[in-house]
Each structure stands twice: as structure tokens, then as C-alpha cells.
Amino acid sequence: MIADDDEKWLAAATAAVKQNAFYMQRAIDSNNLKDALKFSAQMLGELRTSKLSPHKYYELYIRASDELRSLEMFFRDETALGCSIAELYELVQHAGNILPRLYLLCTIGSVYIKSKDVTAKDILKDLVEMCRAVQHPLRGLFLRSYLAQVTRDKLPSIGSEVEGDTETHMDALEFVLQNFTEMNKLWVRMQHQGPTREKEKREKERNELRDLVGKNLHILGQLEGVDLVVYRDTVLPRILEQVVNCKDELAQCYLMDCIIQVFPDDFHLQTLDVLLGACPQLQPSVDIKTVLSGLMERLSNYAASSVEALPNFLQVDAFSKLNHAIGKVVEAQVDLPASASVTLYLFLLKFTLHVHSDRLDYVDQVLGSCVSQLSATGKLCDDKASKQIVAFLSAPLEKFNDVVTILKLTNYPRVMEYLDNDTNKAMAIIIIQSILKNDTRIATADEVDAMFELIKGLIKDFDGLADNDEIDEEDFQEEQNSVARLVHFLYNDDPEEMSKIIFRIRKHILTGGPKRLPLTIPPLVFSALKLVRRMRGGDENPFGDDTSTPQKILQLLTETVEVLSDVSASELALRLYLQCAQAANDCELETVAYEFFTKAYLLYEEEISDSKAQVTALRLIIGTLQRMRVFNVENRDILTHKATGYSAKLLKKPDQCRAVYECAHLYWAEEGENLKDGERVVLCLKRAQKIADAVQKMANASRGASSTGSVSLYVELLNKYLYFLEKGNPQVTGETIQSLAELIRSETKKAESGAGTFITSTLRYMEFQRQQEDGGMSEKYQKIKMEWFE
Amino acid sequence: MVLVLALGDLHVPHRAADLPPKFKSMLVPGKIQHIICTGNLCIKEIHDYLKTICPDLHIVRGEFDEDARYPDTKTLTIGQFKLGLCHGHQVIPWGDLDSLAMLQRQLDVDILVTGHTHQFTAYKHEGGVVINPGSATGAYSSINQDVNPSFVLMDIDGLRVVVYVYELIDGEVKVDKIDFKKASTSTSAP
């Protein structure tokens, strides 16, 4: 197995290194320069191997370079003892092979950088040149890596004790740049070694070694004297030259990223042209978006962390440069998938939101660029791209937390067009949720239009999608409920503007179709009723246009609720008509109120056939009618008469009884004497009692022992009589009540169980009222003889 | 000490988008033992939300409720008290105290909780106590012109119930409390 062999060879080489190191150390300890050199050369000879994989070679290298440290210290001591560099150099030449010789020369040279014999410049120059003798990529890389490592703390850089003037700085700079260039060349050459089928393996190995090359950039970043000018004029151009010319995808990708990470952000800002200019020159297979996104992210964070830097962004026009660069990249790489180009725009958008959040025009520009890009592809079917677009559209939402700002971005809805139907709806929901969460008010009719444009996927069916049977019922309801909730945020204090808003909302909602209308019309109706109430409270505006009067709004509501009966939502429509009737009542609009009642009654007669539904609907009609004050006698009579008629025709007799006695309230209103018709009240109650008698008869006939149900009806009637007694209806006499009470008692006796607690509590109440000290109440109750109740 | 939350007439989404945030932050799960709801939620999402506050949810039907299966009235016993629950659109005239008293006698309960008027009330009469928690969202009402969001928390302890009403007025939550005591453990009123 090759791997095993690798291990074996490493083990063997390591053993040899150890052994030679041991002898070298012994020689050092006994001050034997010659032997020290001899054994160190032998040790370094192990590094001449071709048998190891880069990973294993690295391990060996570490070993060897570690051991060289003691040699380095020894050399330092020797120089202190008077040996000159020339002499040491001479001695080293006797090492047989080039590689060990070079390692030793580097070690010695680095020691002499500080000496006065030879200038640092010359030494560095020599060393970097000499290393050229090793052209084998792996060995050469490590050799140069050693060179960089051993000279590092002797260069004038941050953290080192070495000082220098500008010349020294430039010399050091030149040295590092050259070493870097050569190392990159070696690294790239590795790609072309060996058979094509092992390409992947080679790439993997190269990846493991990449930090060796990148280290040089780190060193550059630390050097003293590398200020913006030097960076811009020397460092960056030289690095980029190598990056572009090497034409190697792996290297370009890694090194571009390295540049961005290593050097300060304000350097990047000032050299943006140069950096971006290199991008199109890179190999087409390089993942530019990662490079650009890394850059934009750094710049965004820079902007976020230091406010003082913000003007610089404007000054160098960073935004348009980046926008332009991305445009070029997207243009050049025709095969770029939609998700990739959207990602690029996403990063640009985030950058813009961070750096230029006050420039809506920039944000809109980015959206526009994305739209142009997408127009080539048409509606997306790609999940990944859709996700990116959602992220793209959510970014400004989250940044501004204000949908009203979003509505100003003309390109926003255009981007949404490119989403598939489901994602479009999901995005619409996200927008609505932003409004709900942030309590955003959408306050003008035009903004309302823009809003509905954004969420149009929820409001109506997409073209060509006739039936929605694939849509989950629950999801659909939730969607429409979201739209319903939204309506409450479309609001303006000014009645005129609010009027316009109501009309617009209606226009949009009515395109929704039968499934949506029952869910979206109610909130519109109530929003309009609130407006009517406000209009009523405010002053009449003589110059206001036609739309801002209660009548106009109520008229609109008639036409709107009508639609519901067309889509079989009759019970809902009836309730809404009654609500509108009450509003008309409060506005003193008699005809309008009557109209609403008519519509409600028609619905009752024609559309509501379910018995339970009828009972509830009728109860609501009676309750509403009871509160109406706007009708004249005639109208009131007609409506009341009808209601009582409906009551008597309910299917189940107990329901009939109850509805009829409730109608009694229609003849008695607290506010005015002319609204109290005592006779009619009693007529109703008596009529109800007749129905209760019929119920009782049926119960007695069918079962013998009567059920308590019908006795309950009598007790309810009794309570109703008491109610009107207390209200002062002269037609309610003690005798009426007594005879009813007598009836209850006899019926209760027949039954095994009583009507139970209802009677007991009623009696208790009657007794309580009798005992009342205020006279008025007890007087009334005195009229009733209560002796028969035990 | 048993805490009972009484609320209703939320009318979501017809008349309101949601409960006020200040109320939502007060209604924390795990603190309340029972919820009684007067109806008109109107949608399942609100039902589910209430269930997260307390799983013992009692609810009756309002005329706009989506779910037709809620009953018209409900009675339950909590501690020494019998409670009755009814939305109130069935009781005519709407909001009339005497008519409500009749319902109370019919259900034979110490405390009757109803809604429909969107107006908080709590009063004692011969038959017991009638409580209307108002509208928890401050929803529009044709009966009541000026609605503030409100709900009620009842603290039932032996023969005593303390009714706390929480009202949102001009953005601030105001609390008031009323004490009721019942005379004995018998089922009828004092």
C-alpha cells in the first residue's frame, strides 16, 4: 500500500534526521564547527527525498528545521567568537549536495543580516537568488519557506526589534516580494507534474501547501514602511501581476482571498479600481463571486464599525465601482447560473444597505441590475436561485423595518415577478409580516396601490391557474387571513384620504374570486364602518368631494356586501348588512338603514334555509331592530311585523316560542314614551304562550310524564312578564303573572322532576323584589299573590 | 388561589389584526389555570394561541366565529363558584342587565360571563355577578362607540373572587379591581 510505504519512508527519514541531529548537537557542544556542519548537512540530506507526499514531507521538514535552530544559535556564538561570514560560507561549500548547502547558507546568512560585515540587502538578495538552484516544486517550496521563516524576525516589521530607514524597508519589501513570486511559481508548477488522471490528487496536495505561499503576504502585511502609497504603487501591482500571470485557478482564488483578508480595509477602499480590475483578467473557472463577496463583506463590516470612514466610500465612489465590476463579471461568465449572479447582487445589496443606507437610489439601482440580469432567464424554476432572491428581497426589509420605504423602490416588484408562484406568495407573506411586526402604517391611496401590487399573488389567481385544488385549505385560509389583518394597517386619519383608501382596497379585493371574498371583504367593511363613525363625529366639509360622506361609503358597502351573497356567503352577508344598518341608524340615514334591513330580510327569506342558522339570524335581526331609533312609525311597523312573522314560522316550536317572546322587546324601548306599546308587548307574550301550550300538549301526549323542556318555556315567559312589569308596562297585571305561575306549578306537579333551579331562582328573585325597601319595586310585586309556592 | 382569564370579542382578523402587544406580553403561559372566552375570536389561529396560554379553554359561540361547533352556553364549576358563559348576542335587548339576570337565573350560576357589547362591566345583582370582559383587541362595535381593549382576570379563592380588569387606555395598561364574596357554599346566590 502506498500509504504504508509513505509511513515507512517517513519513519526511516525521521530516524536518520534524529541520529544526525544527535551527532550535530554533540559537535556543537564540543565547539566542533567542522563536524557540526558535516552532520547538519547529512541531516538535511534527508530532505532531498522524492518519496514523500507533501503532507509527510512537511512533517520531516518541521523536524529538520527545528534541529537547525540550535545550529543557528551556534553560528551566532561563532560569529561572536570572530568567525566571519565569508569563512562560514566557505566551509559550507563543502557540503556535497545543493539542498543541504542552501539550507545552511540560509541559516548562516540570516545570522549575518545584523552584522556590519556585509549589508543586509546583499545577503537577502543573494539568498533569494541562490534558492533558484532548487527547481523541484516541493523541495523548493519548503526551502524558500525556511528562508522566509528564518529571516522573518530580522526584517523591520511590526513586532521585531529591527529598525531601519526607508531604504532598509524597501530592501526587505523587495526580498519578500521576490520570494513570494518564486514560491508561487513553484506551487503552480506542481499542478503540471505527473499524469492527468491524478489531477484531483495534486490539487488536494497543493491545497495543503497553500499557506506556505500565503505566509509571504502575511509578512508583507506586517512590514514596516508598507503604507498606503507603497502598497498601492509597489506591493499590490507586483502581487497582482504574479496572480494574473500564473494563470492558475487554485492560486488565483486563494491569493485574491488572501490579499483581501491580510491588508487593511482602507487600503482596499483606495485601491478598489486596481483590485477589481484584476478580476476579469483571472481564469474563467475562478469562483469570482466568493472573492467579490469576501471583499464586499469586509468593506461592509468596515463601514459598520467606523463611522469616520463612511465619507471615504463616497469619495472613491465604491458603490459604482463594485456595481460595474459585478456587471462585468456576470457579462463575461455566460454560464453563470442564476443563483450565483443573484448571490453577487445580494452581497452588493448588503454592502449598499450597510454603507449607503440613506441612498435609496443606490438600493434601487442594485435591484435594477438584478432585474436586467434575470430578464435573460425568465421566471425561475430553480430552488436555489429562488431562495437567494428571497434573501435578496428580505435584506432591505430587515434593514429598514419599514415597508413604506420598500414601496419607493421601483424595481422591487419587478424582482418579485421572477419568482415562481409559490415563492412569490411566500415573499408576499414575509412583507405582510414585516408590517404586522413593525406596526407600519400605509397612509396614502397610492401607497395602498403599490402595496397590493407587491402582494398580488395573494390577492388573485395567477394567470392561467384556474383551479386551486392543489393548494392546501389551511394554508390558503392563513394566507387570506394575513391579507385581512393587513387591511387594518391601511389607514389615514384624514377622512378624505381614508375614503380613497377604502375605494382602492375594494378595487383590489374584488379581483379575488369566490374563495377569497368571504375572507377579505369583512375587514374592508369594518374599516369602512369605522370611517363612517369618524365622519359622523367630524365637521361637514362643504368643499369635500363626493366620496367623503357617510352616504357614499354606506352606498359602497351595499354594493360590496352584495357580492358576498353572490358567492354563497349569505349568513355573513346578513350579519354585515345588519352592522351597516346600525351605522346608518347612527348617522340618521333612515332610507339607507331601511335599505339594509330589506336586503337582510331578503337574504333571510331566500338564502338562509338551515334551521339553526335561521334561529341565530333571526335573533340578530331582532336584536338589531330593537336598537334602531331612526325609523318612522310606518317603517318600524313593517319591519317589526315581518320579524314577528318570521319568528312564528321557525321550524321547531320551542324556537318559535322564544323568537316570538323576544319580539316583545321590539315594542318597548326605554328612550321614548311613544316607543312603548304595552299592549303589543303583551300580545306577543300571549302568542308565545300559546305556542308553549302547544309544545306542552305534544310533550304530554307523547310521553305521559312531561319533559321539563316546555315547562322551562313557561318559566322563561314568566321572567319576561316580570321584566315588563318592572319596566312599568301597565298591561302586565298581577293576574297575568299569577295565572302563568299557577300553570307552571300544576305542570311541575305532573312531572317527576321539577323545572328545577330556574323556577327556584325565579321565585327567590320575586321574593327578593317584594322585600325591596325602595317601595316602587315591591309595590309592583305586591300585586302578585304568591301563596301557592311552597 | 385559582386564576381564571376571561376575554373575548377579539374579532381577528375582521376588525383587528391581533391582540395589543402589551397584552400579549402579559399573557404568559403557565400562570393561568382556566380561560373562559365569550366568543368572536374569530379564527382558528386565535383559538390555538389561547390554548398555548392555558390548555383548559372554555369557549362559546359568537355570531362571527368561524367554528360552528362552539356551544351557545356553557357552565362550569371552579372552586366554590359556578360560572356561566354566553356570548350575549342571544340576549335581547343587547347589554340589558335585567335580561342578563334572567339568563343567570336560567343557568343557575354565581358568575355569568358574557360579551358582545365590547364594554367592560362587572356588577352584582340579586342573582349573582355579571362580568363582561369587553373586547380584548378594542374591536369596532355597533353598540359601543368608544372601545378600549380590555380583559379580565379572576382570582378565585374560597368564597371570594377578586376581579381584576386590565384596560389599555392611550397606550397604557390600567388595572382596576373589584371584590365579590358569596355568602355560603350553597348553589344559589347570596
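In this text the structure is predicted, and so the values were computed from the model without any measurement.

1. Focus on the sheet that holds strand S2 (residues 34–37) of chain B
All names here are of chain B.
Right, on to step 1. On the basis of which strands lie adjacent, the open sheet formed by six strands has the order S3-S2-S1-S9-S10-S11 and mixed pairing. The open sheet has two free edges, formed respectively by strand S3 (57–59) and strand S11 (172–181), since each of these has just one partner strand. For this sheet, the mean angle separating the axes of adjacent strands, direction not counted, is 20°.
Right, on to step 2. When strand S10 (residues 160–169) meets S11, the two strands line up antiparallel, connected through 10 bridges.

2. Some details on the domain arrangement of chain A
Residue and element names in this part refer to chain A.
Right, on to step 1. You can read the domains of chain A as domain 1 (1–118), domain 2 (130–258) and domain 3 (685–789).
Right, on to step 2. Computed over C-alpha atoms, the centres of domain 1 and domain 2 are 23 Å apart.
Right, on to step 3. Facing 26 residues of domain 1, the contacting portion of domain 2 comprises 19 residues.
Right, on to step 4. Here domain 1 packs against domain 2, burying approximately 2000 Å² in sum over the two surfaces, 73% of which is carbon and sulfur.
Right, on to step 5. At the junction of domain 1 and domain 2, the tally comes to zero salt bridges.
Right, on to step 6. Counting every contact that joins domain 1 to domain 2 gives six residue pairs in polar contact (both at pLDDT 80 or more).
Right, on to step 7. Mapped by element, the contributors of at least two residues to the side of domain 1 that touches domain 2 are helix H3 (54–80) and helix H5 (98–112).
Right, on to step 8. Among the elements that line the side of domain 1 that touches domain 2, the one with the most residues is H3, at nine residues.
Right, on to step 9. By residue class, the composition of the side of domain 1 that touches domain 2 is 15 nonpolar, seven polar and four charged.

3. Notes on the sheet that holds strand S5 (residues 81–86) of chain B
Residues and elements named next belong to chain B.
Right, on to step 1. One open sheet holds the five strands; their spatial order is S4-S5-S6-S8-S7, and the pairing between them is mixed. Where the open sheet ends on each side, the last strands, each with one partner, are strand S4 (73–78) and strand S7 (121–125). Neighbouring strand axes in the sheet, compared pairwise and without regard to direction, differ in orientation by 20° on average.
Right, on to step 2. Sheet topology note: the strand S6 (residues 111–114)/strand S8 (residues 128–132) ladder contains three bridges and is parallel. Note that in S8 the partner of Val113 across the bridge is Ile131.

4. Quick word on helix H31 (residues 611–627) of chain A
Residues and elements named next belong to chain A.
Right, on to step 1. Compared with an ideal rise of 1.5 Å per residue, which puts 17 residues at 24 Å, H31 spans 25 Å between its outermost C-alpha atoms and is within 8% of the ideal.
Right, on to step 2. Most of H31 sits inside the fold, with 13 of its 17 residues counted as buried.
Right, on to step 3. Where H31 begins, one side-chain oxygen reaches toward the backbone nitrogen of Lys612, 3.2 Å away; that side chain belongs to Asp610.

5. Section: the UniProt feature "domain: Calcineurin-like phosphoesterase" (unreviewed entry) in chain B
Right, on to step 1. In the numbering used here, UniProt assigns the feature "domain: Calcineurin-like phosphoesterase" (unreviewed entry) to residues 4–157 of chain B.
Right, on to step 2. Secondary structure across residues 4–157 of chain B divides into 18% helix and 29% strand, with the first and last C-alpha atoms of the span separated by 11 Å.

6. A short note on the interface of chain A and chain B
Right, on to step 1. Contacts between the two partners involve 47 residues from chain A and, on the opposite side, 34 residues from chain B.
Right, on to step 2. Roughly 3900 Å² of surface becomes buried between chain A and chain B when both sides are summed, with 54% attributable to carbon and sulfur atoms.
Right, on to step 3. The three residues of chain A that bury the most area against chain B are Arg485, Arg533 and Arg764 of chain A, which together make up 18% of that side's buried surface.
Right, on to step 4. If you look at where chain A meets chain B, you find three salt bridges.
Right, on to step 5. A salt bridge links Arg764 of chain A to Glu126 of chain B; the shortest N-O distance between them is 2.9 Å.
Right, on to step 6. Breaking the side of chain A that touches chain B down by element, the ones donating at least two residues are helix H25 (473–487), helix H27 (517–537), helix H29 (570–586), H31, helix H33 (653–663), helix H35 (708–727) and helix H37 (757–770) of chain A.
Right, on to step 7. Here the side of chain A that touches chain B takes eight residues from H31 of chain A, the largest share from any one element.

Each value, and the rule that gives it
- Residues numbered from 1 in each chain as written.
- Chains lettered and ligands numbered in written order.
- Predicted model: local features only at pLDDT ≥ 70, side-chain atom pairs only at ≥ 80, totals over all residues.
- Heavy atoms only, no water.
- Pairing = 2+ DSSP bridges.
- Helix = DSSP H or I, 4+ residues; strand = E, 2+ residues; numbered from the N terminus.
- Axes fitted to C-alpha atoms, helices over the stretch in contact; angles between N-to-C directions.
- Domains from an automatic or database assignment.
- Contact = heavy atoms within 4.5 Å.
- Buried area = accessible area lost by both parts, 1.4 Å probe.
- Salt bridge = Lys/Arg side-chain N within 4 Å of Asp/Glu carboxyl O.
- Polar contact = N/O pair within 3.5 Å; in protein donor to acceptor, adjacent residues only side chain to side chain.
- Nonpolar A, V, L, I, M, F, W, Y, C, P; charged D, E, K, R; others polar.
- Expected span 1.5 Å × (residues − 1).
- Buried < 20%, exposed > 50% of the residue type's maximum accessible area, 1.4 Å probe, protein only.
- UniProt positions renumbered as here; feature names shortened; annotations may be inferred.

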